[in-house]
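# Inside the fold
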Amino acid sequence: MVVEMHAGLASDGGSKLKMLLTFVDALPNGNEEGIYYSIDLGGTNFRVLRVEVGAGFVIINQKVQQQPIPEELTKGTTEDLFNFVALALKDCLEGEDGQDGKRALGFTFSFPVRQISVSSGSLIRWTKGFSIGDTVGKDVAQCLNEALANCGLNVRVTALVNDTVGTLALGHYYDEDTVAAVIIGSGTNACYIERTDAIIKCQGLLTNSGGMVVNMEWGNFWSSHLPRTPYDILLDDETHNRNDQGFEKMISGMYLGEIARLVLHRMAQESDVFGDAADSLSNPFILSTPLLAAIREDDSPDLSKVRRILQEHLKIPDAPLKTRRLVVKVCDIVTRRAARLAAAGIVGILKKLGRDGSGAASSGRARGQPRRTVVAIEGGLYQGYPVFREYLDEALVEILGEEVAQNVTLRVTEDGSGIGAALLAAVHSSNR
Ligand code: ADP
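Residues numbered from 1 in each chain as written. Predicted model: local features only at pLDDT ≥ 70, side-chain atom pairs only at ≥ 80, totals over all residues. Heavy atoms only, no water.

Evaluation of the coordinates by the stated rule reveals 1 cavity of 30 Å³ or more. Of the pockets and cavities examined, the largest cavity occupies roughly 100 Å³. Around the largest cavity sit L20, L21, T22, F109, F111, V113, Q115, L160, V161, N162, V165 and N215, which together line it. Of all the secondary structure elements, the ones that give two or more residues to the lining of the largest cavity are strand 1 (20-21), strand 6 (113-117) and strand 8 (155-161). Here the lining of the largest cavity is built from residues that sort into 8 nonpolar, 4 polar and no charged. (1 Å grid on protein atoms, 1.4 Å probe; cavity = no way out; pocket = protein on both sides within 12 Å on 5 of 7 lines; lining within 4 Å. Points joined across faces, edges and corners; volume = space filled by probe spheres on them. Helix = DSSP H or I, 4+ residues; strand = E, 2+ residues; numbered from the N terminus. Nonpolar A, V, L, I, M, F, W, Y, C, P; charged D, E, K, R; others polar.)

Given below as structure tokens:
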């Protein structure tokens, strides 16, 4: 991971890790005051947030509106999509007292963007089922600003960010030792604060803080050192983005259930553990990750929940206890590998930052003076699946060693991607 991080920072295209510049060089620290808004587009849900901050480390008031994006808008025109988004914000602002001057908006846009400044960037390509041809290459912040103006709203995008950057911002708001953020939900990604002089591909980059948040796009990480099983290859073949997002396909919620399904399918083909009622195991994505989690977490002595899931979802009736145990074991192994790989990725970031305890010299500190390090983390898989969380936490301690691990905290930042974007809107509206 560290080798690839260096390569991605050295040149564009130098690694499968894109290591994208975010132009975020200042993070919230608790001194922000006022009312800010954010729009979060690109996750499972589209969300509009209103965040009132002040009085130090307090979020006074928070209002969230959440709704799915209508399917037809994901394949329509740029104008229709951004008008929909702007109207949702207008709804949220309904009944608000008018404020003097423009209001600042953080726009969490979780698609690959080539950032030009903290508040502008052009779409590289759509992902996650969106395909609106005329948006590619356009400045998405400008598209939203135009739609907001058309709706008669005096609101302007002051921070255009990726969801991980929002998570890092909220983590930093609560705790200034937060140096990185990781999301493990349907997909996975990470960002961290890099020194500008280490960003070789952008020489002469100057920031007030001497640092900048780098969006790693780590879901696309790949290395010949990663052991790939036949099931990983089968899974990759099934996806529309073959040969891409290799790390994500081993780790995130969109895929874990499917990896287990592929293993069980092979078992059904090569043995009679499932009798002759295992046809449904040949259906791709029939086993979702929440089901895999429910199987792994069934602690009843006769694995009755596993029996029910096999019956209802996989149409396998009457699997004997021995077979049910085997299914639990497969789900356990898939979960454990994912969690341990994610932990290894986090240690990669800590190593790059000189905070993994391996070289006191690189952190500029003498031995015996460890630095506290916080990594903000969120996402449905980490937050909703306790066994995954346990395995990840356990692996982190195992790799770092107990002494170093004592100084490393993973901190869950609920709704970080949205709230963090509003906080970044605050930081970047007042000082530039
Ligand atoms: P997104 O990443 O899509 O924006 P989330 O962070 O909420 O949204 O992650 C949702 C994903 O997390 C789901 O697709 C699912 O795979 C996984 N997930 C959610 N809840 C659970 C759970 N209880 N057990 C296992 N996986 C879960």
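Now, onward.
Residues in close proximity to the ligand total 13 residues, the closest being T44, S186, G253, G380 and G384. At a separation of 3.2 Å, an oxygen atom of the ligand approaches a polar backbone atom of G253. At a separation of 2.9 Å, a nitrogen atom of the ligand approaches a polar backbone atom of G384. When the free accessible area of the ligand is taken as 570 Å², the share hidden by the protein chains comes to 66%. For the shell around the ligand, the class distribution of residues is 4 nonpolar, 9 polar and no charged. (Near = heavy atom within 4 Å. Polar contact = N/O pair within 3.5 Å; in protein donor to acceptor, adjacent residues only side chain to side chain. Areas by Shrake-Rupley, 256 points an atom, 1.4 Å probe, with all protein chains shown as cover.)

Ranked by size, the top nonpolar core spans 78 residues in total, and within it Y192, M216, W218 and L392 carry the most contacts. A per-element tally of this core places helix 10 (residues 321-352) first, with 14 residues. Those residues in contact with W218 that sit more than four places away from it in its chain are M1, L17, V182, T188, N189, A190, F247, A342, G345, I346 and I349. One finds V85, F107, L123 and F130 within the second-largest nonpolar core, a separate group that totals 35 residues. (Core = buried A, V, L, I, M, F, W, Y, C linked by side-chain atoms within 4.5 Å. Buried < 20%, exposed > 50% of the residue type's maximum accessible area, 1.4 Å probe, protein only. Contact = heavy atoms within 4.5 Å.)

The relative placement of two packed helices comes down to the angle between their axes together with the axis-to-axis distance. Two numbers describe how helix 7 (residues 256-270) lies on helix 10: the axes approach to 10 Å, and their chain directions differ by 140°. The angle between helix 7 and helix 10 places the two elements in the oblique class. Helix 7 and helix 10 meet at a crossing whose hand is right-handed. Each of L256, I259, A260, V263, L264 and M267 in helix 7 lies in contact with helix 10, whose residues at this interface are L326, V327, V330, C331, V334, R337 and A338. Grouping the constituent residues of the contact of helix 7 with helix 10 by class yields 12 nonpolar, no polar and 1 charged. (Axes fitted to C-alpha atoms, helices over the stretch in contact; angles between N-to-C directions. Parallel < 35°, antiparallel > 145°, perpendicular 65-115°, else oblique. Left-handed = near helix turned anticlockwise from the far one by under 90°.)

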